[in-house]
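Structural overview
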Amino acid sequence: RLLATYNSLTDKHLVGYFSNARIRRHLQKSGLISRSGRIIPEKEYRLNAMRRDHQRYVQESLAHAIFHKVLDMEHHHQLEIKRKLEYSVRKERMQKIKTSLFLDLMPQRHKFLFFQVEQFRGLLDDVIPMRSPHPPLGPRNRNGLSPLVAAARAGRSQWRAPGLGVDYDGGHSPYEHRTKEPAPSK
């Protein structure tokens with residue numbers, strides 16, 4: 001009967017042992033004493049232990065749910081990529097079939113012209129630069145603008161065909177208009 005009511009934390013002979021800093025930290029982490037050194041009653045200790053266990057359970061459940069949600073989202077993303085790829089392959093196949101049917105119905109001399117036009121389109125794509133709605137991600141000047149944006153705001157373009165004096169941005173060639181330099185004053 002005495003052993004059932006015995007509490008080592010209240011034993012006056014163990015005061016020196018429990019005053020050790022390492023032992024006190026261990027008792028605090030275990031939830032047997034408070035930060036101030038007060039001994040936690042058994043009912044309160046069990047209640048706190050149940051709260052900690054429940055909190056750990058909720059955190060593990062949440063982590064598990066998040067993990068499976070991410071896996072599910074990745075699976076759907078991979079299916080979407082696969083679907084788009086299959087669609088583009090089908091579309092390309094259909095385009096080849098349409099082109100071959102178109103060429104089968106066409107007389108021989110028209111086929112030759114068709115291929116010449118396609119080759120010319122390819123050449124034009126190489127010569128005429130494609131415009132992007134976003135400025136290039138190149139170096140910036142002191143105003144924080146890329147050279148192409150700064151030139152466009154100044155009214156001159158960087159897109160000129162070499163040696164032709166043609167400006168695809170609607171500006172003028174630098175060789176067309178030259179301002180007269182003022183005569184040196186005497």
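These numbers come from a predicted model, not from an experiment.

Here we take up the overall build of the protein. Along its length, the protein carries six helices and zero strands. Tracing the protein from N to C terminus, the helices and strands come up as α-α-α-α-α-α. Taken over 186 residues, the protein has a buried fraction of 10%. Sequence separation of at least 24 residues holds for 12% of the intrachain contacts in the protein that already meet a minimum separation of 6. Surface summary for the protein: the accessible area is close to 17300 Å², and the carbon and sulfur share equals 59%.

Turn by turn, an α-helix covers 3.6 residues, leaving residues three or four places apart pointing in a common direction. Backbone nitrogen of R22 and a side-chain oxygen of the N-cap are separated by 3.0 Å at the start of helix α3 (residues 21-30); the cap is N20. Looking one or two residues past α3, G31 carries a phi angle of roughly 85 degrees, positive in sign.

Scanning the entire structure with this criterion turns up five salt bridges. One salt bridge connects D53 with R56, and the closest N-O pair in it is separated by 3.1 Å. Taken as a pair, D53 and R56 lie in helix α4 (residues 42-105) at a separation of three residues, close to a single helical turn. The partly exposed category is assigned to R56, whose relative accessible area is 44%.

Another aspect to go through is the environment of I33. Residue placement: I33 occurs in the loop between α3 and α4. I33 gets classed as buried once you look at its relative accessible area, which sits at 8%. Setting aside residues no more than four positions away along its own chain, I33 makes contact with L9, R24, L27, Q28, R38, I39 and I40.

All right, on to the packing of aromatic side chains then. Inspection of every chain in the model, using the stated rule, returns one aromatic pair. Where Y17 meets F18, the ring centres are 5.2 Å apart and the plane angle is 70 degrees; that geometry is what we call edge-to-face.

Basis of the calculations
Each chain carries its own residue numbering, running from 1 in the direction its sequence is written. Note on the predicted model: pLDDT of at least 70 is required for a residue's local features to be given, and 80 or more for side-chain atom pairs to be given and counted; whole-chain, interface and lining totals, by contrast, use all residues. By convention in this description, side-chain values take in all heavy atoms of the structure and omit both hydrogens and water. Put simply, DSSP H or I for four residues or longer makes a helix, DSSP E for two residues or longer makes a strand, and each gets a number counted from the N terminus. Between buried and exposed lies partly exposed: a residue is buried under 20% and exposed over 50% of the maximum accessible area for its type, with that area taken using a 1.4 Å probe on protein chains only. Contacts are assigned to residue pairs that have any heavy atoms within 4.5 Å of one another. Areas reported as accessible are Shrake-Rupley estimates using a 1.4 Å probe. Residue values count occlusion only from the protein chains shown. Here a polar contact means two N or O atoms within 3.5 Å. Within protein one must be a hydrogen donor candidate and the other an acceptor candidate, and residues neighboring in sequence count only if both atoms are side-chain atoms. Counted as salt bridges are all cases of a side-chain nitrogen of Lys or Arg within 4 Å of a carboxyl oxygen of Asp or Glu. Two aromatic rings, drawn from Phe, Tyr or Trp (for Trp, its six-membered ring), form a pair once their centres lie within 6.5 Å of each other, and the interplanar angle then sorts them: stacked below 30 degrees, edge-to-face above 60, tilted otherwise.

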